[in-house]
Amino acid sequence: MEAGALIIIFALLVLFAFLGLGAWATVKAVGAAKRGVDRTITQARRTVEDTALRAKSFGQVGVAGALAQLRLDLRTSMRATQQALYQGVQADASLKESIGLFERLSAHGYELDDELKRLEQEPDRARIGAMLPELKERTAKITEAADSLRWAARDRARRFAEDELSALSAQIEVESGALRDWSRESVDDLAAAAAAWDAQQPPAGSAARTASAGSAGRAPEPPAALNPTPPQTGYPWQKAPRPETTT
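Given the structure is predicted, the values throughout are model-derived calculations rather than measurements.

Parameters and conventions
Residues numbered from 1 in each chain as written. Predicted model: local features only at pLDDT ≥ 70, side-chain atom pairs only at ≥ 80, totals over all residues. Heavy atoms only, no water. Helix = DSSP H or I, 4+ residues; strand = E, 2+ residues; numbered from the N terminus. Areas by Shrake-Rupley, 256 points an atom, 1.4 Å probe, with all protein chains shown as cover. Buried < 20%, exposed > 50% of the residue type's maximum accessible area, 1.4 Å probe, protein only. Polar contact = N/O pair within 3.5 Å; in protein donor to acceptor, adjacent residues only side chain to side chain. Contact = heavy atoms within 4.5 Å. Patch = residues over 30% accessible without salt bridge, like charges linked within 9 Å, V, L, I, M, F, W, Y side chains within 5 Å. Salt bridge = Lys/Arg side-chain N within 4 Å of Asp/Glu carboxyl O. Phe/Tyr/Trp six-rings, centres within 6.5 Å; stacked < 30°, edge-to-face > 60°. Lys NZ or Arg CZ within 6 Å of the ring centre and 35° of its normal. Core = buried A, V, L, I, M, F, W, Y, C linked by side-chain atoms within 4.5 Å. Expected span 1.5 Å × (residues − 1). Axes fitted to C-alpha atoms, helices over the stretch in contact; angles between N-to-C directions. Parallel < 35°, antiparallel > 145°, perpendicular 65-115°, else oblique. Left-handed = near helix turned anticlockwise from the far one by under 90°. Nonpolar A, V, L, I, M, F, W, Y, C, P; charged D, E, K, R; others polar.

J.: I would appreciate a short explanation of the overall build of the chain in the present structure.
T.: Across its full length, the chain carries five helices and zero strands. The helix and strand sequence of the chain, counted from the amino end, reads α-α-α-α-α. Split by element, the accessible area of the chain, about 19,500 Å² in all, is 62% carbon and sulfur.

Here it is, written out as structure tokens:
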């Protein structure tokens, strides 16, 4: 009875563990989907706002068009710098400090963008017109700082790429020279080996003289009676020799 209760308790624990794991996975999936939807909505809203600002800057004149152009310039510069820094830090960790500076700059950019957005709804156009020089100066400071960070990051990445290409080209030149020297040394070694082998071989005239001297030093050949000539092979078309008569 106790064993059965233990089995039931263990089964319930396993079931609860699976249920908890399933709930955790569901929460994670829902959270990821929610973040994806929020990111999509944010990008869509940003695209709509940029399109509206571009239309206002081209279609309206006076204070409204100037405010729209300031907001468009500010948002375009800040977004391009953010993209360049966050992409570049993946290959160059030293850009983390630049990202920290950009985040501090972004706080001023958000503040200015909100102010410009509020001023678009302000009915007192004369007062806004008087504020335009100061607003343009603030916008120029922020965009120039953002542009400076962006171009510095791009120049750094391009310089690293050029240095790496130069080092690679130098290594390739060294390797190419080594391959050419290796080929020439191999041909020279083969030629030297062939010349050494030829030097060890006796000349043809001396070999002939050595052969004749050896034949002269041997004993003379015995008479033909002691070394009879082997009989010639008969052929079918030859006549058999007639025996000599004793008479």
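J.: How should I be thinking about the side chain of glutamate 115 in this particular structure?
T.: Locating glutamate 115 in the fold gives a position in helix H3 (residues 96-120). Overall, glutamate 115 belongs to the buried group, its relative accessible area being 18%. Polar contacts involving the side chain of glutamate 115 include one to the side chain of arginine 138, which spans 2.8 Å. Apart from residues no more than four positions distant in its own chain, glutamate 115 is found in contact with Met131, Leu135 and Arg138.

J.: Even after reading the chapter, I still don't get a nonpolar patch on the surface, so can you show me in this structure?
T.: On the surface, a nonpolar cluster with roughly 510 Å² of combined accessible area is contributed by Ile8, Leu12, Leu15, Phe16 and Leu19. Tracing the sequence through the fold places isoleucine 8 in helix H1 (residues 2-59). Under the relative-accessibility criterion, isoleucine 8 is labelled exposed at 52%.

J.: What exactly am I supposed to notice about the packing of aromatic side chains here?
T.: Aromatic rings considered in pairs are described by the distance between their centres and by the relative angle of their planes. Counted by the stated rule, this structure contains zero aromatic pairs. The ring of tryptophan 151 has arginine 154 lying over it, and the distance from NZ or CZ to the ring centre is 5.1 Å.

J.: Which parts of the structure should I look at to understand the environment of arginine 138?
T.: If you trace the backbone, arginine 138 turns up in helix H4 (residues 125-200). It is 10.0 Å that separates the C-alpha atoms of arginine 138 and leucine 74, two residues lying 64 residues apart in sequence.

J.: Hey, could you run me through the nonpolar core in this one?
T.: Burial of nonpolar side chains together is a common tendency in soluble globular proteins. Leu67, Met78, Leu112, Leu116, Leu132, Leu135 and Ile142 are the most contacted members of the largest nonpolar core, which has 22 residues in total. Elements with a minimum of two residues in this core: helix H2 (63-88), H3 and H4. With near-sequence residues (within four places) excluded, leucine 112 lies in contact with Leu74, Leu135, Arg138, Thr139 and Ile142.

J.: Explain the side chain of arginine 150 here, please?
T.: The topology assignment puts arginine 150 in helix H4. For arginine 150, the side chain forms a polar contact with the main-chain oxygen of serine 77, separated by 3.4 Å. For arginine 150, the contacting residues outside a window of four places in its chain are Ser77, Ala80, Thr81 and Ala84.

J.: Even after reading the chapter, I still don't get H3, so can you show me in this structure?
T.: Side chains that are three or four residues apart share a direction in an α-helix, a result of its 3.6 residues per turn. With 25 residues, H3 extends 36 Å from end C-alpha to end C-alpha; this agrees with the ideal 36 Å at 1.5 Å per step. Turning to H3, its buried residues are Ser98, Ile99, Phe102, Leu105, Ser106, Gly109, Leu112, Asp113, Glu115, Leu116, Leu119 and Glu120.

J.: I keep staring at the packing of H2 against H3 and nothing clicks. Help me out?
T.: Packed helices, taken two at a time, are described by the angle their axes make and the gap between the axes. The contact between H2 and H3 brings their axes to 10 Å, and the two run at 160 degrees. Considering the angle they form, H2 stands roughly antiparallel to H3. Here the hand of the crossing between H2 and H3 comes out left-handed. Class assignment for the residues of the contact of H2 with H3 results in 13 nonpolar, five polar and six charged.

J.: Got a minute to help me understand the pattern of salt bridges in this structure?
T.: Where charged atoms from two side chains of opposite charge come close, those side chains can pair. What the rule picks out here adds up to 10 salt bridges. Between arginine 138 and glutamate 115 there is a salt bridge whose closest N-O contact spans 2.8 Å. Here arginine 138 is found in helix H4, whereas its partner glutamate 115 is found in helix H3, with 23 residues between them in sequence. Ionic contacts of the salt-bridge type, sharing partners, join the residues Arg71, Arg75, Asp113 and Glu120 into one network.

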